[in-house]
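Descriptive analysis of the structure
Each chain is listed here by its residues.
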Amino acid sequence: MDDKPEPGPLSESSELLFSFGVIADIQYADLEDGYNFQGNRRRYYRHSLLHLQGAIEHWNTESSPPCFVLQLGDIIDGYNAQYKASEKALECVMSTFQMLKVPVHHTWGNHEFYNFSRDYLTHSKLNSKFLQDQIAHHSETVPSENYYAYHFVPFPKFRFILLDAYDMSVLGVDQSSPKYQQCLKMLREHNPNAELNSPQGLSEPQFVQFNGGFSQEQLNWLNEVLTFSDTNQEKVVIAIFPFIPRPLTVCAWPGITETPQSFGLTSVWCVSSLVTLTMVATLRILLVFTTST
């Protein structure tokens, strides 16, 4: 794709087409505040629910409410599994989301898999696939049940795609399954550490257990959706759990994440749960406005 100029600020002539809300890393647990693994970022385990409630109140009272909200993963913290409180914590957060007056699209992060199996998540309230768009006469754009991904259209000519960042992962899958064995083999080929979550000494530090990647099947499906959007001159937003270049330990495993072919799309944006560090740390509200030109 050719480089395109960055969108400018809203002007008086701009027409608001629609807006959507984004929230990430709620990481709720019924615990006192703590810190992340590095000890340099505060985590508001119990109080994160108050931040979520504040965000929902804000969205509900907007003069032009968002069409929907993207919840970008890590909805509850991994500590819940240790205290056998995973289901209770999830129900608490999902009950809070019920106050929201617009639909919520959920992605899954590593903390979801610290608490639940993939099978559990597929049958839980965190599966928002029922909100997906069905493109008539294009069966190749229907995602497989082998991964959690889908697309939807909140406004004509705008398509949102949610991807399964843990499609290939040792997290959340049965240890006797072929997929688990395949992913474990891949990990051990690149990570000789006894602690597979440690990037110490690795030339490719992304090969740690809390990361994952995309199967070729999911990438092929993504190509089909992008091809359709390209043909129909749609703008595309890809919502994905945090696989970004920095920090290097937080990105997808290479070798199973070949970049899809280049498209002539009008615009492609990515929304990631690490889009802004302030949002991760404090759950500040992010509203993205899309305008006509």
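An unreviewed UniProt entry annotates the protein chain as ADP-ribose/CDP-alcohol diphosphatase, manganese dependent of Catagonus wagneri.

For helix α1 (residues 48-61), built from 14 residues, the straight-helix expectation of 20 Å at 1.5 Å per residue is met to within 8% by its first-to-last C-alpha distance of 20 Å. What α1 keeps buried is the set Ser48, Leu49, Leu52, Ala55, Ile56, Trp59 and Asn60. The arc that holds the buried residues of α1, viewed along the axis, is 130 degrees, so those residues lie on one side. Those residues of α1 that are exposed and angled more than 90 degrees off the buried face are Leu50, Glu57 and Thr61.

On to the pattern of salt bridges. A side chain with one charge can pair with a side chain of the opposite charge if their charged atoms come near. All chains considered together, the criterion is met by ten salt bridges. A salt bridge links Lys125 to Glu91, with the shortest nitrogen-to-oxygen separation between them at 3.4 Å. With a gap of 34 residues between them, Lys125 in the loop between α5 (118-122) and β6 (150-155) and Glu91 in helix α3 (residues 86-97) connect regions that are remote in the sequence. Given a relative accessible area of 38%, Glu91 falls into the partly exposed group.

Counted residue by residue, strand β1 (residues 15-23) has seven buried out of nine residues, so it is predominantly covered. The pairing of β1 with strand β4 (residues 69-71) spans three bridges and is classified as parallel. Bridge assignment links Gly21 to a residue of β4, and that residue is Val69.

With that settled, consider the side chain of Asn110. Mapped onto the fold, Asn110 is located in helix α4 (residues 110-115). Setting aside its immediate chain neighbours within four residues, Asn110 contacts Asp74, Tyr166, Leu171, Phe210 and Phe241.

Glancing now at the side chain of Gln27. Within the fold, Gln27 resides in the loop between β1 and β2 (34-35). Once you skip the residues sitting within four places of it in the chain, Gln27 turns out to touch Arg43, Tyr45, Ser48, Asp74, Ile75, Ile76, Asp77 and His111.

Let's shift gears to the environment of Leu131. Within the fold, Leu131 resides in the loop between α5 and β6. Put simply, Leu131 and Val104 are 27 residues apart on the chain and 9.0 Å apart in space, counted from C-alpha to C-alpha. With near-sequence residues (within four places) excluded, Leu131 lies in contact with Pro103, Val104, His105, Tyr150 and Phe152.

The next subject is unusual backbone geometry. Although it is not a glycine, Gln27 sits at a positive phi angle of roughly 45 degrees. At Lys157, a residue that is not glycine, the phi angle is positive and equals roughly 75 degrees. Residue position: Lys157 is located in the loop between β6 and β7 (158-162).

Going through the model one piece at a time under the given rule, you end up with 18 aromatic pairs. Ring plane angle 90 degrees and centroid distance 5.0 Å describe the contact between Phe68 and Phe152, whose orientation is recorded as edge-to-face. One end of the pair, Phe68, is in the loop between α1 and β4; the other, Phe152, is in strand β6, and 84 residues separate them in sequence. Through pairs of rings, three or more aromatic residues link up here, namely Phe18, Phe20, Phe68, Trp108, Phe113, Tyr148, Tyr150, Phe152, Phe155, Phe158, Phe160 and Tyr166.

In this section: α3. With twelve residues, α3 extends 17 Å between its outermost C-alpha atoms, agreeing within 8% with the 16 Å of an ideal straight helix rising 1.5 Å per residue. Every buried residue of α3 is accounted for by Ser86, Ala89, Leu90, Val93, Met94, Thr96 and Phe97. Along the long axis of α3, the arc covered by the buried residues comes to 155 degrees, so they all point the same way. Exposed positions of α3 whose direction lies more than 90 degrees from the buried face are Glu87 and Lys88. Contacts from the buried residues of α3 go to β1, α1, β4, α2 (79-82), β5 (104-106) and α4.

In this section: the environment of Thr231. Within the secondary structure, Thr231 sits in helix α7 (residues 216-231). Of the polar contacts made by the side chain of Thr231, one reaches the backbone oxygen of Thr227; its length is 2.9 Å.

Most of β7 is tucked away, with five of its five residues classed as buried. Of the two faces of β7, the one carrying Phe158, Phe160 and Leu162 and the one carrying Arg159 and Ile161 are both buried. By the bridge criterion, four bridges tie β6 to β7 in an arrangement that is antiparallel. By the bridge assignment, Phe152 is partnered in β7 with Phe160.

Cut-offs applied
Residues numbered from 1 in each chain as written. Predicted model: local features only at pLDDT ≥ 70, side-chain atom pairs only at ≥ 80, totals over all residues. Heavy atoms only, no water. Helix = DSSP H or I, 4+ residues; strand = E, 2+ residues; numbered from the N terminus. Expected span 1.5 Å × (residues − 1). Buried < 20%, exposed > 50% of the residue type's maximum accessible area, 1.4 Å probe, protein only. Arc of directions from axis to C-beta. Salt bridge = Lys/Arg side-chain N within 4 Å of Asp/Glu carboxyl O. Pairing = 2+ DSSP bridges. Contact = heavy atoms within 4.5 Å. Phe/Tyr/Trp six-rings, centres within 6.5 Å; stacked < 30°, edge-to-face > 60°. Polar contact = N/O pair within 3.5 Å; in protein donor to acceptor, adjacent residues only side chain to side chain.

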